[in-house]
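The residues making up each chain are set out below.
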Amino acid sequence: MEKRIQSIQRAINILNCYNEEYPNLSLSQISEQLDLNINTVRGIVNTLEANGLLTHNASDNTYSLGLYFVLKSNLIYETRHLESFAEITTPYLQEISTKYSTFSSVQVVSQSNIFMIKTMQPPSSYYRIMAQLYSSLPYHCTSSGKLYLQYLSKDNLKSALANMNFEQYTPNTISNREELMDELQKQKERLYSLEKDERTIGISSIAAPILHSNRRLIGTISVTAPTQSILDQQEDIARDLIHAGKDIAMKVLDGSIAVTV
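Calculation notes
Residues numbered from 1 in each chain as written. Predicted model: local features only at pLDDT ≥ 70, side-chain atom pairs only at ≥ 80, totals over all residues. Heavy atoms only, no water. Helix = DSSP H or I, 4+ residues; strand = E, 2+ residues; numbered from the N terminus. Buried < 20%, exposed > 50% of the residue type's maximum accessible area, 1.4 Å probe, protein only. Areas by Shrake-Rupley, 256 points an atom, 1.4 Å probe, with all protein chains shown as cover. Pairing = 2+ DSSP bridges. Axes fitted to C-alpha atoms, helices over the stretch in contact; angles between N-to-C directions. Phe/Tyr/Trp six-rings, centres within 6.5 Å; stacked < 30°, edge-to-face > 60°. Lys NZ or Arg CZ within 6 Å of the ring centre and 35° of its normal. Parallel < 35°, antiparallel > 145°, perpendicular 65-115°, else oblique. Contact = heavy atoms within 4.5 Å. Nonpolar A, V, L, I, M, F, W, Y, C, P; charged D, E, K, R; others polar. Arc of directions from axis to C-beta. Core = buried A, V, L, I, M, F, W, Y, C linked by side-chain atoms within 4.5 Å. Salt bridge = Lys/Arg side-chain N within 4 Å of Asp/Glu carboxyl O.

What about the overall build of the chain?
Across its full length, the chain holds ten helices and seven strands. Across the 261 residues in the chain, those meeting the buried criterion constitute 44%. Split by element, the accessible area of the chain, about 14700 Å² in all, is 50% carbon and sulfur.

Here it is, written out as structure tokens:
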């Protein structure tokens, strides 16, 4: 195993404490999460703050992620050509959202994660679905996350399952390895992924793969809508998503755009 620099690893561990559930943390909370001496935490946090990676919130004496990440995420977006990828998928999202009056989105795979880069709301609808761009999707309870798992190598899938906590968002969330493996087999047979009330009750989704020529998953195109709407149109939506996924893949592979994943 290659040697790691302890102080840098501790700084990364501190940054990894932040997520949607814990956007603001005090020194004592970080110390408790990492089982790390609070004085050590204070020194690292002060250094991260001085360099813009963390911001101090004086009102409650907590820290949150700094603007450093916004600036760097813009750079990553440009250098990885995600803007071009999002642009090429826009007509497909527009067509699908209009045809089925659903929220549609495109996700990409990068650095062992899958995250959303482009969304489209239906032109006229009684509902709106809000989504967070560039945030890693849960694997076990989203249609795109389950597609991500399906296309992993056996070793990588084994590792992902070993580290999965199967967080329960609803009573319908897949809760164990056996149930998840059964679902992955079903979606392999039907060529698309289905999520029913697993992340939010009353909201479901369908996703189709965007594949490299070597069958490596480079992204997904998906639809999210009220569950009954998904079930009523399931096969039609799936057919159009599968077709769109193949078209997008061809445009990526013929050199129209460059995507680094």
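Having seen it, we continue.
As for the sheet that holds strand β5 (residues 193-200)
Taken in spatial order, the five strands line up as β4-β3-β7-β6-β5 in an open sheet, and their pairing is antiparallel. Looking at strand neighbours, the two that pair on one side only are β4 (113-120) and β5, the edges of this open sheet. For this sheet, the mean inter-axis angle between neighbouring strands, taken without regard to orientation, is 30°. When strand β6 (residues 203-211) meets strand β7 (residues 217-226), the two strands line up antiparallel, connected through nine bridges. Within the sheet, the bridge partner assigned to I203 lies in β7 and is P226.

Side note on the packing of aromatic side chains
Applying the stated criterion to the full structure yields one aromatic pair. Between the aromatic rings of Y139 and Y148, the centroid separation amounts to 4.7 Å while the plane-to-plane angle is 20°, which identifies the pairing as stacked. Note that R190 overlies the ring of Y192, its terminal NZ or CZ placed 5.3 Å from the centroid. Over the aromatic face of Y169 sits the side chain of R199, whose NZ or CZ is 4.6 Å from the ring centroid.

Points about the packing of helix α1 (residues 6-15) against helix α3 (residues 38-50)
Helix packing for two helices is described by the angle between their axes and how far apart those axes are. In contact at an axis separation of 10 Å, α1 and α3 are set at 80° when each is read in the N-to-C sense. By the angle between their axes, α1 is roughly perpendicular relative to α3. Contacts from S7, R10, A11, I14 and L15 of α1 reach α3 at T40, V41, I44, V45 and L48. Tallied by class, the residues present in the contact of α1 with α3 amount to seven nonpolar, two polar and one charged.

Quick word on helix α2 (residues 27-34)
Residues of α2 that are buried include every one of L27, I30 and S31, and no others. Viewed along the axis of α2, the buried residues span an arc of 100°, placing them on a single side of the element. At the C-terminal side of α2, D35 shows a positive phi close to 55°.

A closer look at the nonpolar core
Within the largest apolar cluster, 30 residues are counted, with the highest numbers of intra-cluster contacts made by F85, I117, I206, I221 and L241. With eight residues, the single largest contributor to this core is helix α10 (residues 234-253). Of all hydrophobic cores here, the second largest spans 17 residues; its members include I114, Y139, Y148 and L157.

Some thoughts on the pattern of salt bridges
In total, this model carries six salt bridges according to the counting rule given. D240 is paired through a salt bridge with K99; the nearest N and O atoms lie 2.8 Å apart. Of the two residues, D240 sits in helix α10 while K99 sits in helix α5 (residues 82-100), which places them 141 residues apart along the sequence. Close ionic contact of D236 with R239 constitutes a salt bridge, the shortest N to O distance being 3.0 Å. Linking D236 with R239, this pair stays in helix α10, spanning three residues, or about one helical turn. D236 gets classed as partly exposed once you look at its relative accessible area, which sits at 37%. Through salt bridges with shared partners, a single ionic network connects K99, D236, R239 and D240.

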